[in-house]
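# Overview (structure and organization)
Now for the letters of each chain:
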Amino acid sequence: MKKSNLLFSLSNQVESIIRDEKALMPFHLNLLNTALEGNMKETAHSRFLWQLFRVKKILESFTTRFFSKIFWKTDKYVLNIPDKFRIDISLQTETDFFIFENKVNDAQEQCGQIYRYVNHALRDGYRPDHVHVLYLNSETHDSPTEYSLSKNGEGKVFLPESVDIKVISYKEEIVSWLEDTYNEIPSNEIYLKTALFQYLDYLKEKFHISKRYSKMNNKIQQLLKDKLFNEQMDCLQRLDVITDTKNQLDQLKSFLDKLEEKEESNRFQEWFDEITKRYPIKEYDWVRDNEYDIHIDFLFHGNLLSACLTIDNGLCWGIRCQNKAMPKKWATTLHSSVQLVLPRAQTTEWWPAWDYTSYKNGLDRFLTLMAWVIENEDQEE
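## What to know about the sheet that holds strand 8 (residues 303–311)
Taken together, the 5 strands give an open sheet; going across it, the order is 6-7-8-9-10, and neighbouring strands pair in antiparallel fashion. Here the strands that pair on one side only, and so sit at the sheet edges, are strand 6 (286–287) and strand 10 (353–356). Relative to strand 10, strand 9 (residues 315–321) runs antiparallel, the two sharing 4 bridges. What sits directly across from I319, in strand 10, is A353.

## A look at the packing of aromatic side chains
For the coordinates displayed, the defined rule picks out 19 aromatic pairs. Taken together, a centroid distance of 6.4 Å and an interplanar angle of 45 degrees make the contact between F85 and F97 tilted. Residue F85 is located in the loop between strand 1 (77–79) and strand 2 (89–93), and its partner F97 is located in strand 3 (residues 97–103); the two are separated by 12 residues in the primary sequence. Taking the ring centre of F272 as reference, the NZ or CZ of R288 above it sits at 5.0 Å.

## A short note on helix 12 (residues 362–376)
Taking 1.5 Å per residue as the helical rise, helix 12 with its 15 residues ought to reach 21 Å, and the 21 Å between its terminal C-alpha atoms agrees with that figure. Residues of helix 12 that are buried: G362, L363, F366, L367, L369, M370, W372 and V373. Looking at the buried residues of helix 12, the elements they touch are helix 10 (235–278), strand 6, strand 7 (293–300), strand 8, strand 9 and helix 11 (328–339).

## A closer look at the side chain of N137
Inspection of the secondary structure assignment puts N137 in strand 4 (residues 131–137). Among the polar contacts listed, one links the side chain of N137 to the backbone oxygen of T140, at a separation of 3.4 Å. For N137, the side chain forms a polar contact with the main-chain oxygen of D142, separated by 2.8 Å.

## Let's talk about the packing of helix 3 (residues 42–53) against helix 8 (residues 190–206)
Axis separation between helix 3 and helix 8 bottoms out at 12 Å; the angle between their running directions is 150 degrees. Of the two possible hands of crossing, helix 3 and helix 8 adopt the one that is left-handed. Judged by residue contacts, H45, F48 and L52 of helix 3 engage L192, A195, L196, Y199, Y202 and L203 from helix 8. Classifying every residue of the contact of helix 3 with helix 8 gives 8 nonpolar, 1 polar and no charged.

## As for the pattern of salt bridges
All told, the structure shown has 14 salt bridges when counted by the stated rule. Taking the shortest distance from any N to any O, the salt bridge between D312 and R86 comes out at 2.4 Å. Here R86 lies in the loop between strand 1 and strand 2 and D312 lies in the loop between strand 8 and strand 9, a separation of 226 residues in the sequence. The exposure class of D312 is buried, given its relative accessible area of 15%.

## Thoughts on the sheet that holds strand 3
Sheets are built from strands that pair by backbone hydrogen bonding, the pairs being arranged parallel or antiparallel. Read across the sheet, 5 strands follow the order 1-2-3-4-5 without closing on themselves; strand pairing throughout is mixed. Across the chains shown, the open sheet's two edge strands, defined by having one partner strand only, are strand 1 and strand 5 (164–169). Averaged over all neighbouring strand pairs, the angle between strand axes comes to 15 degrees, with direction disregarded. Relative to strand 2, strand 1 runs antiparallel, the two sharing 3 bridges. Looking at the pairing, L79 lines up with L91 of strand 2. On top of the sheet, helix 3 reaches strand 1, strand 2 and strand 3; it is set at about 140 degrees to strand 3, its chief contact. Lying over the sheet, helix 4 (residues 56–66) contacts strand 1, strand 2, strand 3, strand 4 and strand 5, oriented at roughly 105 degrees with respect to strand 5.

## Regarding the pairing of strand 2
With respect to burial, strand 2 is a largely interior element, 5 of its 5 residues being buried. Side chains of strand 2 alternate between two faces, with I89, L91 and T93 and S90 and Q92 buried alike. Where strand 2 and strand 3 come together, 4 bridges link them in antiparallel fashion. In the sheet register, I89 faces strand 3, and the bridge partner there is F100. Between strand 2 and strand 3, which pair antiparallel and follow one another directly, the connecting turn spans 3 residues.

So, how was this worked out
- Residues numbered from 1 in each chain as written.
- Predicted model: local features only at pLDDT ≥ 70, side-chain atom pairs only at ≥ 80, totals over all residues.
- Heavy atoms only, no water.
- Pairing = 2+ DSSP bridges.
- Helix = DSSP H or I, 4+ residues; strand = E, 2+ residues; numbered from the N terminus.
- Phe/Tyr/Trp six-rings, centres within 6.5 Å; stacked < 30°, edge-to-face > 60°.
- Lys NZ or Arg CZ within 6 Å of the ring centre and 35° of its normal.
- Expected span 1.5 Å × (residues − 1).
- Buried < 20%, exposed > 50% of the residue type's maximum accessible area, 1.4 Å probe, protein only.
- Contact = heavy atoms within 4.5 Å.
- Polar contact = N/O pair within 3.5 Å; in protein donor to acceptor, adjacent residues only side chain to side chain.
- Axes fitted to C-alpha atoms, helices over the stretch in contact; angles between N-to-C directions.
- Left-handed = near helix turned anticlockwise from the far one by under 90°.
- Nonpolar A, V, L, I, M, F, W, Y, C, P; charged D, E, K, R; others polar.
- Salt bridge = Lys/Arg side-chain N within 4 Å of Asp/Glu carboxyl O.

No statement about biological role is implied by the geometric values presented.
Printed below as a string of structure tokens:
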């Protein structure tokens, strides 16, 4: 209990320093931060990187930095649009398949996610040792777990060992690469440099690593030293204390993760109870693939779709294609129509209309979507 109290006390004191120091900082304006109301979604981060990769010299810079041993210079490559094959970003050459999985906001792992992505490349004829996964964490270098790396997340059937999996972080490697890229862009390419400058600034604000946070970070570091160390400790003892404290934090985080999962499950059950009051099970064929999923199938101009309230790289509502992507004509029609009632709806190949939501607003958003489905689904003849 004493250790837990120390951790909570340290957390509160760190939060207090952050709050007080931020209040003293001069006014700072970032257009991305303002436009996105403070939290850029992982899909937006992926799309920004994808847009940069469309500039060949930037793509070559990226592949040289992170895939130096297999770097290629060729015009024969395909940079797939974001979310094609349900992969954040994918890149294909004649010999190699590259998968970029974006976890900049620490989204939960999906069951068998990396396993599915890699097997798509293998089915496409790529050799296992020519399939490359770049796993982009926010701040850590934690590798994907067997829940993502194995078939159905069961930890029994895994990927071939020769598949290349590399883990980097936005806070360190991506920020460093973007800084170098920014410096290499000629000053006359003003729009590209401006976009890079704003995005870099956004990331540095997100991770509190810009120079204006130096005083705050130094205060936090000094607080931790004062609370964890004493004057008699040598370097090895201080390292032991840091390791022990981090292990305690990991254990506490593990308990909190389990508690969070339970409460998320409870929230989905509350939502399902409320949904089925309005749309009774006797009349509607509700499906729950797992405890964090609620969906119902319907037809839209002959296309089999599902209206979903689920977790897919984050809590979201949306309309998902079932067995094949919709023709562009109907996908565009659907997206535009849903936007009339849910203006922030995004669109991808397999999700013609969707958006992230919160545990506060999820039910309201989904009920609005359901009203749209009832009004627009194909009517039985």
